[in-house]
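Read off the chains here:
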Amino acid sequence: MSVVSVVPGVVLSRVEWTALETAHHQRADALTAGHRERTLRGETHPIWDFLFTYYSYKPAVMRKWHPGVGVDLADVSGTARADMRWYVTDDDGTTRLDTDAFTELRGAGVQHVVSLLRATASRPGRFDCFGMHEWAMVYRQDEHRHAVPLRLGQAGTDAVVEAADLKCTHYDAYRFFTPAAVPLNAVAPTRQLQLVMEQPGCLHAGMDLYKWALKLGPVLPGHVLLDSFELARDIRLLDMQASPYDITAWGYDAVPVETAAGKAEYVRRQREFAARGESLRDSMISAVTTFEEMA
């Protein structure tokens, strides 16, 4: 099938939208295959489980394809989409997102998400934290969230934290700091301050784009959701490589941020992720802007 321009105002034929939906299902299944197979075997994974536990959405949620706000679908009769939630069929036979119904039940959530996205996009990224948030989560604490050994041991890990400038701006990372690490951070993020502190260089702000894509649901075209999951996956790997944990048993080398070379590698990849996050954030804001105009 030739590439279809899926932009607001387009009406997709049944051939076009079913092909896009099928491709979405195949891509989503490929992205979640490893997790689904491990679940069947009763296995856990210290890196990848985070994408399905912290972000507590089942793989099936990612399979739901949406064309995005303003894109109409022709001839949905006799398909599973005919009775799909949030959609309405107009007199001309085309099916679209029911913006009124979605606004009534989810409008406040959409506004919260887009306010955060716009606020984050308005700020420059910061690239001087060097992933110390993960180290602060194990500082001076014998019991850790992951049953994975520390690369430098507890004393070595504590020494790195004490020599660092902790600058975490992300509340959902900061809230997992150990009690001893909390006063070492330069700022004190709170949920209430998220709108004024979130910044696009933060790895966790980039990972959270997956969560925001899920919350925006049918407002976004399906590829934005899957792109955001891929970004979260790639960021998660760096987050753990730069952490104090030794993940070599799972096939990944460390990015030793306690060294100058490790810091440089971290920032290089952090900037790449920030650029990908900027593109996704712009796509989400654009979609919500269209939604706001149509609602």
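Residues numbered from 1 in each chain as written. Predicted model: local features only at pLDDT ≥ 70, side-chain atom pairs only at ≥ 80, totals over all residues. Heavy atoms only, no water.

A. Highlighting the sheet that holds strand β1 (residues 11-12). A sheet is described by the order of its strands in space; here four strands give the open sequence β1-β2-β4-β3, paired in mixed fashion. The open sheet has two edge strands with one neighbour each: β1 and β3 (87-89). Here two bridges tie strand β2 (residues 72-74) to strand β4 (residues 94-97), and the two strands are oriented antiparallel to one another. If you follow Ala74 over to β4, its bridge partner there is Thr94. (Pairing = 2+ DSSP bridges. Helix = DSSP H or I, 4+ residues; strand = E, 2+ residues; numbered from the N terminus.)

B. Broad picture of the side chain of Thr120. Positionally, Thr120 belongs in helix α4 (residues 99-121). The residues touching Thr120, leaving out its near neighbours within four places in the chain, are Glu198, Gln199, Pro200 and Arg281. (Contact = heavy atoms within 4.5 Å.)

C. Up close: the environment of Val196. Tracing the sequence through the fold places Val196 in helix α8 (residues 194-197). Expressed as a C-alpha distance, the spacing of Val196 and Thr120, which sit 76 residues apart in the sequence, is 8.0 Å.

D. A look at the state of the cysteines. By the definition in use, this model includes zero disulfides. Just so you know, Cys129 is unpaired, no disulfide at all, and the nearest cysteine sulfur is the one on Cys202, 6.8 Å from it. In this structure Cys202 comes out as buried when scored by relative accessible area, which is 12%. (Disulfide = S-S within 2.5 Å. Buried < 20%, exposed > 50% of the residue type's maximum accessible area, 1.4 Å probe, protein only.)

E. Quick look at the pattern of salt bridges. Tallying each qualifying case throughout the model produces 20 salt bridges. In this structure, Arg81 and Glu21 form a salt bridge, with 2.9 Å as the shortest nitrogen-oxygen distance. Of this pair, Arg81 sits in the loop between β2 and β3 while Glu21 is found in helix α1 (residues 14-41), placing the two residues 60 residues apart along the sequence. The class for Glu21 is buried, based on a relative accessible area of 17%. One salt bridge connects Glu265 with Arg268, and the closest N-O pair in it is separated by 2.9 Å. (Salt bridge = Lys/Arg side-chain N within 4 Å of Asp/Glu carboxyl O.)

F. Seen up close, the confidence of the model for the chain. The share of residues in the chain with pLDDT of 70 or more is 97%, and the mean pLDDT across the chain is 94. Confidence drops under pLDDT 50 across residues 1-5; counting only partners more than four residues distant or on other chains, this segment forms seven contacts. (pLDDT = per-residue confidence, 0-100.)

G. Layout of the environment of Ala155. Within the element layout of this structure, Ala155 appears in helix α6 (residues 153-163). Between the C-alpha atom of Ala155 and that of Lys263, which follows or precedes it by 108 residues, the distance is 21 Å.

H. Quick look at helix α10 (residues 222-241). Relative to the 28 Å expected for 20 residues at 1.5 Å per residue, α10 spans 29 Å between its end C-alpha atoms, a close match to the ideal helical length. Among the 20 residues in α10, 15 count as buried, and that is most of the element. (Expected span 1.5 Å × (residues − 1).)

I. Representation of the packing of aromatic side chains. Taken as a whole and assessed by the stated rule, the structure comprises 11 aromatic pairs. Here the aromatic rings of Trp86 and Phe102 are separated by 4.9 Å at their centres, their planes lie at 85 degrees, and the arrangement is edge-to-face. With a gap of 16 residues between them, Trp86 in the loop between β2 and β3 and Phe102 in helix α4 connect regions that are remote in the sequence. Judged by its relative accessible area of 13%, Trp86 is buried. (Phe/Tyr/Trp six-rings, centres within 6.5 Å; stacked < 30°, edge-to-face > 60°.)

J. Seen up close, a nonpolar patch on the surface. Where nonpolar side chains cluster on the molecular surface, the patch consists of Leu193, Leu195 and Val196 and spans about 240 Å² of accessible area. Considering the arrangement of structural elements, one finds Leu193 in the loop between α7 (171-174) and α8. (Patch = residues over 30% accessible without salt bridge, like charges linked within 9 Å, V, L, I, M, F, W, Y side chains within 5 Å. Areas by Shrake-Rupley, 256 points an atom, 1.4 Å probe, with all protein chains shown as cover.)

K. Seen up close, empty space enclosed by the protein. Applying the stated criterion across every chain, the model contains four cavities of 30 Å³ or more. The computed volume of the largest cavity comes to approximately 150 Å³. Lining the largest cavity are 18 residues, with Cys129, His133, Lys167, Cys168 and Thr169 sitting closest to its centre. Secondary structure elements with two or more residues in the lining of the largest cavity: α5 (132-136) and α9 (203-216). The residue makeup of the lining of the largest cavity, split by class, is nine nonpolar, six polar and three charged. Estimated volume of the second largest cavity: approximately 60 Å³. Forming the boundary of the second largest cavity are Phe50, Tyr54, Glu134, Met137, Arg145, Asp172, Ala173, Phe176 and His204. Its residues placed into classes, the lining of the second largest cavity shows five nonpolar, one polar and three charged. (1 Å grid on protein atoms, 1.4 Å probe; cavity = no way out; pocket = protein on both sides within 12 Å on 5 of 7 lines; lining within 4 Å. Points joined across faces, edges and corners; volume = space filled by probe spheres on them. Nonpolar A, V, L, I, M, F, W, Y, C, P; charged D, E, K, R; others polar.)

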